Structure formats: structure tokens, C-alpha cells
Amino acid sequence: VQLQASGGGLVQAGGSLRLSCAASGLTFSGKAAGWYRQAPGKQRELVAEISSSGLGRYATSVKGRFTISRDNAKNTVYLQMTSLKPEDTAVYYCNVYQYQTSGRRDFWGQGTQVTVSS
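Position numbers for residues count from 1 along each chain, tracking the sequence in the order it is written. The predicted origin of the model limits local features to residues at a pLDDT of at least 70 and limits the giving and counting of side-chain atom pairs to 80 or more, whereas totals for whole chains, interfaces and linings rest on all residues. Note: side-chain values were computed over all heavy atoms of the structure, leaving out hydrogens and water.

S.K.: I would appreciate a short explanation of the pattern of salt bridges in the present structure.
M.R.: Any two side chains of opposite charge can pair, so long as their charged atoms come close to each other. Any carboxyl oxygen of Asp or Glu within 4 Å of a side-chain nitrogen of Lys or Arg constitutes a salt bridge here. A full pass over the atoms with the stated rule returns five salt bridges. The shortest N-O distance in the salt bridge between glutamate 45 and arginine 37 comes to 2.7 Å. Residue glutamate 45 is classed as partly exposed on the basis of its relative accessible area of 34%. Among the charged side chains, a salt-bridge network with shared partners connects Arg37, Glu45, Arg65 and Asp88. Only protein chains enter the accessibility calculation, which uses a 1.4 Å probe. A residue is then buried if its area is under 20% of the maximum for its type, exposed if over 50%, and partly exposed in between.

S.K.: Hey, could you run me through the sheet that holds strand 1 (residues 2-6) in this one?
M.R.: Strands pair in a sheet through their backbones, by hydrogen bonds, and they do so in one of two ways: parallel or antiparallel. Strand order in the open sheet formed by four strands is 1-3-8-7, and the pairing between neighbours is antiparallel. In this open sheet, the two edge strands, each paired with only one partner strand, are strand 1 and strand 7 (66-71). The sheet shows a mean angle of 15° between the axes of neighbouring strands, taken without regard to direction. For two strands to count as paired, DSSP must find a minimum of two bridges between them. Here a strand is any run of E in DSSP of at least two residues, a helix any run of H or I of at least four, and the numbering for each starts at the N terminus. By the bridge criterion, six bridges tie strand 7 to strand 8 (residues 76-81) in an arrangement that is antiparallel. Across the sheet, the residue bridging to isoleucine 68 is leucine 79, located in strand 8. To obtain each axis, a line is fitted to C-alpha atoms, and for helices this fit is confined to the stretch in contact; angles are then taken between N-to-C directions over 0 to 180 degrees.

S.K.: Can you walk me through unusual backbone geometry in this structure?
M.R.: One can expect most non-glycine residues to show negative phi and most peptide bonds to be in trans. A positive phi is found at asparagine 75, a non-glycine position, where the angle reads about 50°. For asparagine 75, the position within the fold is in the loop between strand 7 and strand 8. Take asparagine 75: its relative accessible area is 24%, and that puts it in the partly exposed class. One non-glycine residue, serine 83, lies in the positive phi region at around 50°.

S.K.: What am I meant to see in the packing of aromatic side chains here?
M.R.: Any aromatic ring pair is given by two values, namely how distant the centres are and how the planes are angled relative to each other. Each pair of aromatic rings taken from Phe, Tyr and Trp, with Trp reduced to its six-membered ring, is defined by centres within 6.5 Å and is described as stacked if the planes are under 30 degrees apart, edge-to-face if over 60, and tilted in the remaining cases. A complete count under the given rule lists two aromatic pairs for this structure. Ring geometry for tyrosine 36 versus tryptophan 108: centroids 5.0 Å apart, planes at 70°, classification edge-to-face. Linking tyrosine 36 in strand 4 (residues 32-38) with tryptophan 108 in strand 10 (residues 103-108), this pair joins segments that are 72 residues apart in sequence. Relative to tyrosine 99, the ring of tyrosine 97 has its centre 5.7 Å away and its plane inclined at 85°; by these criteria the two rings are edge-to-face. Assessed through its relative accessible area of 61%, tyrosine 99 is described here as exposed. Distance and angle both matter: a charge sits over a ring if NZ of Lys or CZ of Arg is within 6 Å of the ring centre and within 35 degrees of the ring normal. The ring centre of phenylalanine 28 lies 4.4 Å from the NZ or CZ of arginine 70, which sits over that ring. Residue placement shows arginine 104 over the ring face of tyrosine 97; its charged tip is 3.6 Å from the ring centre.

Written out as C-alpha cells, the structure is:
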């Protein structure tokens, strides 16, 4: 299983970025997927998640600014980020998970850095 994240970079406050995460080695279409982020000195937090049916949910801090979507034909999940703020600066990780008899199993991408300058 491999999750390849891309699209991070340096952007000014108010700008936009789109993150992509391409999955391979698993059946992507039947699984929920999401984006987490981790800023220096902070815990990893959920940013947005999308169900296998396409229903999205968001952290309060990004609601109305970020949009998560998926393309099952491309095994890819996206995070469109607009009106970026310096506090959005973090390493962003994509995640896909499934429930097994032993519990939840998570798959993680390698992370992509997003830096928002003021």
C-alpha cells in the first residue's frame, strides 16, 4: 500500500493550494479518506475526511475554506485549500482507513509541507 501526497508549497496568506494523494495497492473506492496536519510542537489533527460515498466533514478551523473531494477512478483524494492563513502552516498527511475484525487500520502518506506566510 502506498499513498503519495503532493501539492504542498509556500503561499502567501489569502492564497490557495490543492493537495493530491494518489493511492495504490488497495481498493480505494470502498474506504474513507482524509487529510491530517501536524504543526511543529503540536499533535496531528484531522483537517477533513470524506466517506466512501463522498460525504465530507471538516475541522471547525477550516470549514468554509477547505474542500475535500475524491476521484475513485484515479484512486486519488484532494484537498482544495483557499483563504489560507499562517496558522494553516503544517505538514499535511493523507490517510485512508478501513475497519477489520481487529479494529481500524490506517494507511498514511509521507506528508507534504504547506507554509503560509503573513
